[in-house]
Amino acid sequence: MSIEISGLEEWAEALRALKRSGVNRVIRRAVNAASTPILKAMRRHARARDKTDTGALGKSIGRVIRTNRRTGKTRAYVGPLKGYELTGEVKDRRKGRRGKMRKVTRMPRRYAHLLEYGARPHDIVIKTKSGKEIRYKHPGMQPEPFVRPAFDESKDAAVAAFAKVMGEGIDKEMLKLTVRKKVEPGKDL
């Protein structure tokens, strides 16, 4: 899912007048501001759908902003973070152990796609050390999307935030540029 903004010729001219570092600073701030409403909505949707006792999925959602050095495109990735793990105790739901507590480690990045898209019924085959195969029939699960609804709900707010921060950032950088040109090196104010 992505949002592409076109028809920004005025901004393009203003950005050409700025230094590369100023352009990167403005764009990164704007992309950060645009990803904030999506991030908040995704956390809210994930927490509403997270049925585990730990709430790890909602806690793991974050953002990473990357700029490709070759193309110059800046992107924000919003979703479960790569290194996030949550270890805690939950009530055991397994047969014969119900009611007891057990220690679990949740890594939401490994199961978030299953919540979003669901899973078809399938067989799980486990080979024992003796070479015997044990087969389990997994019943599958219905999708419980949290990414798409969050994106659909907040994309207009993201575009508005991008436009606001981009306009303010260009004005601020242009002001810096004009102040530097007015002050000649070696002269006091």
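Bear in mind the structure is a predicted one, so any value in this text is a computation, not a measurement.

## What about the side chain of Glu-173?
Alright, step 1. By the secondary structure assignment, Glu-173 is in helix H5 (residues 147–182).
Alright, step 2. Looking at Glu-173, the relative accessible area reads 6%, which means it is buried.
Alright, step 3. A polar side-chain atom of Glu-173 sits 3.0 Å from a polar atom in the side chain of Arg-25.
Alright, step 4. Filtering out sequence-adjacent residues up to four positions away, Glu-173 remains in contact with Leu-18, Gly-22, Arg-25, Val-26 and Arg-29.

## Some words on the layout of surface pockets
Alright, step 1. When its volume is computed, the largest pocket comes out at roughly 1,600 Å³.
Alright, step 2. As for the largest pocket, its lining consists of 45 residues, of which Ser-2, Ile-3, Thr-74, Arg-75 and Ala-76 are closest to the centre.
Alright, step 3. Sorting the residues of the lining of the largest pocket by element identifies helix H1 (9–17), helix H2 (20–49), strand S1 (61–67), strand S2 (74–80), helix H4 (112–117) and H5 as the ones contributing at least two each.
Alright, step 4. With 9 residues, H2 is the single largest residue contributor to the lining of the largest pocket.
Alright, step 5. Partitioned by chemical class, the residues of the lining of the largest pocket number 28 nonpolar, 9 polar and 8 charged.

## Overview of the nonpolar core
Alright, step 1. Ranked by size, the top nonpolar core spans 31 residues in total, and within it Met-42, Leu-57, Phe-146 and Met-166 carry the most contacts.
Alright, step 2. Counting residues per element, the ones that place at least two in this core are H1, H2, helix H3 (56–60), S1, H4 and H5.

## Some remarks on H2
Since the α-helix advances by 3.6 residues per turn, residues separated by three or four positions end up pointing in the same direction.
Alright, step 1. In this model H2 runs 43 Å from its N-terminal to its C-terminal C-alpha over 30 residues, within 8% of the 44 Å that 1.5 Å per residue would give.
Alright, step 2. Roughly 30° is the biggest bend found in H2, and it falls at Thr-36, with proline Pro-37 one to four residues downstream.

## With respect to the confidence of the model for the chain
Alright, step 1. Per-residue confidence for the chain averages 85 on the pLDDT scale, and 89% of its residues sit at or above 70.
Alright, step 2. Element-level mean pLDDT values for the chain span from 71 in H1 up to 94 in S1.

Cut-offs used in this document
Residues numbered from 1 in each chain as written. Predicted model: local features only at pLDDT ≥ 70, side-chain atom pairs only at ≥ 80, totals over all residues. Heavy atoms only, no water. Helix = DSSP H or I, 4+ residues; strand = E, 2+ residues; numbered from the N terminus. Buried < 20%, exposed > 50% of the residue type's maximum accessible area, 1.4 Å probe, protein only. Polar contact = N/O pair within 3.5 Å; in protein donor to acceptor, adjacent residues only side chain to side chain. Contact = heavy atoms within 4.5 Å. 1 Å grid on protein atoms, 1.4 Å probe; cavity = no way out; pocket = protein on both sides within 12 Å on 5 of 7 lines; lining within 4 Å. Points joined across faces, edges and corners; volume = space filled by probe spheres on them. Nonpolar A, V, L, I, M, F, W, Y, C, P; charged D, E, K, R; others polar. Core = buried A, V, L, I, M, F, W, Y, C linked by side-chain atoms within 4.5 Å. Expected span 1.5 Å × (residues − 1). Bend = angle between axes of the 7 residues up to and from the residue. pLDDT = per-residue confidence, 0-100.

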